[in-house]
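Residue-level structure breakdown
The chain contents come next:
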Amino acid sequence: MDGFAPSDKNGNYKRPKGLDFDKNYKINLEINDSFYLLIGSTCPWCHRTLLFTALKKLSKIKIIYLKPNLNNGEWIFENNFFGNKSLTQLYKRTYKKNFLRATVPVLIKKRGEKVELISNESGQILEILNEFITNKKENIIQFDECDNVFLKKINDDINNGVYKCGFARNQRSYVDASNKLFERLNEVNSFIKKSKGPWLCGENLTYADIYLFPTVVRWELIYSKLFKCTEKEISEYKNIIHWREKFFNLQGVRETCFENDWLQEYYRGLFPLNPNQIVPLQPKLEEIIIRGKG
């Protein structure tokens, strides 16, 4: 299990930290650099960055999809990426320090023949991508600032919370993770009710919306079943369900949802949680989203 989900001494899932990159990196738009976003279609942290590029219409960012080797969990390129067949190979060539695993998402800069890893932390990547200048004549969605404490709760207890449930090593760690997860869902559900706009924090979208969506859109297909997030049905959180449908219907969002990949790679890739690799029969994602609001 350690290869999939490292834990602390008490059996609690512990997500590995990102690599040591420049935390204050700023894009120099005057230099003719090429930027690539390396992602997996299944990863919810990659989904954050893909949503951001879609909603902000960042056509200058070239999206490269990698596929996991389900036998060893390594990310591989469909076609060689500047001479690299796997993400591990790219990390070794461009990141000169030790690392545990080569993970996605990764923002890459290419200048001439030099390829540089800018960041593999989704939150930092969003901040960097927000620096890109877009065509002001287009109807570009703007993102407001949000409460960092609220954002951290979503990240730690909901985004990571479902993984803490699924990869708990014992009953105590599972119960603690589940209780915290549903406590936060209750809090978010109430927060939406008090919001003065259609989104989590008001009239405009914020990073909080980007953080929450990849988890709740996978809920019925993946997390409630495979990760044992069963303390309550997500349908009980009416405000979250209505918010999810509105977000799903934003232009470009449903094209970032790869439900077939999710089903195949979660149920067949995480074999410690599903040894027989049986993929359950389920309604289509769009049907789940529409039905959930009723």
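Structural data are supplied above this passage.
Residue numbers here run from 1 along each chain, matching the order of that chain's written sequence. Owing to the predicted nature of the model, reporting of local features is limited to residues with pLDDT of at least 70; listing and counting of side-chain atom pairs is limited to 80 or more, with chain, interface and lining totals taken over all residues. As a convention, hydrogens and water are excluded, and side-chain values are obtained from all of the structure's heavy atoms.

1. Quick look at the packing of aromatic side chains
Rules: Stacked, edge-to-face and tilted labels apply to pairs of Phe, Tyr and Trp rings (six-membered ring for Trp) whose centres lie within 6.5 Å, assigned for plane angles under 30 degrees, over 60, and everything in between, in that order. Helix and strand definitions here come from DSSP, where helices need a minimum of 4 consecutive H or I residues and strands a minimum of 2 consecutive E residues; each element is numbered from the N-terminal end. To sort residues, take the accessible area from a 1.4 Å probe on protein chains only and compare it with the maximum for the residue type: under 20% means buried, over 50% means exposed, and anything in between is partly exposed. Our definition puts a charge over a ring when NZ of Lys or CZ of Arg is within 6 Å of the ring centre and also within 35 degrees of the ring normal.
On inspection of all chains with the given rule, the structure shows 20 aromatic pairs. When the centroid spacing of 6.4 Å and the interplanar angle of 70° are considered together, the rings of F213 and W243 count as edge-to-face. Placement of the pair is F213 in helix α6 (residues 207–217) and W243 in helix α8 (residues 238–248), with a sequence separation of 30 residues. Taking the relative accessible area as the measure of exposure, W243 reaches 0% and is therefore buried. Counting every residue linked through ring pairs, the aromatic cluster contains W45, Y163, F167, Y223, F227 and Y266. Between the NZ or CZ atom of R48 and the centre of the ring of Y211, over which it lies, the distance is 3.5 Å.

2. A closer look at the packing of helix α5 (residues 171–194) against α8
Each pair of packed helices can be described by the angle between their axes along with the distance between the axes. For clarity, the cut-off: Only the stretch in contact is used when fitting a helix axis, every axis being a line fitted to C-alpha atoms; angles between N-to-C directions are given from 0 to 180 degrees. Working definition: roughly parallel below 35 degrees, roughly antiparallel above 145 degrees, roughly perpendicular at 65 to 115 degrees, and oblique for all remaining angles. Crossing handedness: left-handed means the near helix sits turned counterclockwise from the far one by under a right angle, and right-handed means the same turn made clockwise. Any pair of residues with heavy atoms lying within 4.5 Å of one another is described as a contacting pair. Here the term charged refers only to Asp, Glu, Lys and Arg, the term nonpolar to Ala, Val, Leu, Ile, Met, Phe, Trp, Tyr, Cys and Pro, and the term polar to all other amino acids, Gly among them.
With their axes 8 Å apart at the nearest point, α5 and α8 run at an angle of 70° to one another. In terms of their interaxial angle, α5 and α8 are classed as roughly perpendicular. At the point where α5 passes α8, the crossing takes the left-handed sense. Contacts from L185, V188, N189, I192 and K193 of α5 reach α8 at K238, N239, I240 and W243. Tallied by class, residues from the contact of α5 with α8 come to five nonpolar, two polar and two charged.

3. Structural notes on the pattern of salt bridges
We count it as follows: What makes a salt bridge here is a side-chain nitrogen of Lys or Arg within 4 Å of a carboxyl oxygen of Asp or Glu, nothing more.
Following the criterion strictly, the structure yields 13 salt bridges and no others. The residue R184 makes a salt bridge to E183 at a minimum N-O spacing of 3.8 Å. Judged by its relative accessible area of 40%, E183 falls in the partly exposed class. Taken together, the shared-partner salt bridges connect K153, D157, K180, E183, R184 and E187 into one network.

4. Here we look at the pairing of strand β2 (residues 61–69)
Our working definition: Any two strands with at least two DSSP-identified bridges between them are counted as paired. When the strands point away from the viewer, a crossover counts as right-handed if the route from the first strand across the helix to the second turns clockwise.
Taken together, the six bridges between strand β1 (residues 34–40) and β2 define a ladder with parallel strand orientation. Across the sheet, G40 pairs through a bridge with L66, a residue of β2. Regarding the hand of the β-α-β motif, the stretch spanning β1, helix α1 (residues 44–55) and β2 is right-handed. Where β2 meets strand β3 (residues 74–81), four bridges bridge the pair, whose relative direction is antiparallel. Each bridged residue has a counterpart across the sheet, and for K67 the counterpart in β3 is I76. Remark: four residues form the turn of the hairpin made by β2 and β3, two consecutive strands paired antiparallel; G73 in that turn has positive phi of roughly 80°.

5. Side note on empty space enclosed by the protein
The line we're drawing: In the cavity and pocket records, a cavity denotes points on a 1 Å grid over the protein atoms alone where a 1.4 Å probe fits but cannot get out, a pocket denotes an open set with protein on both sides within 12 Å along at least 5 of 7 lines, and lining residues are residues with an atom within 4 Å of a point. Grid points are joined across faces, edges and corners, and a volume is the space filled by probe spheres set on the points.
A full pass over the atoms with the stated rule returns one cavity of 30 Å³ or more. Roughly 30 Å³ of volume is contained in the largest cavity. Surrounding the largest cavity, P44, W45, R48, N159, Y211, P214 and T215 form its lining. Looking at the lining of the largest cavity, the elements with two or more residues in it are α1 and α6. Per-class residue counts for the lining of the largest cavity are four nonpolar, two polar and one charged.

6. As for the layout of surface pockets
Unfilled space is identified by rolling a water-sized probe across the atoms. The computed volume of the second largest pocket comes to approximately 240 Å³. Mapped by element, the contributors of at least two residues to the lining of the second largest pocket are α7 (219–226), α8 and α10 (285–292). For the lining of the second largest pocket, the leading source of residues is α7, giving four residues.

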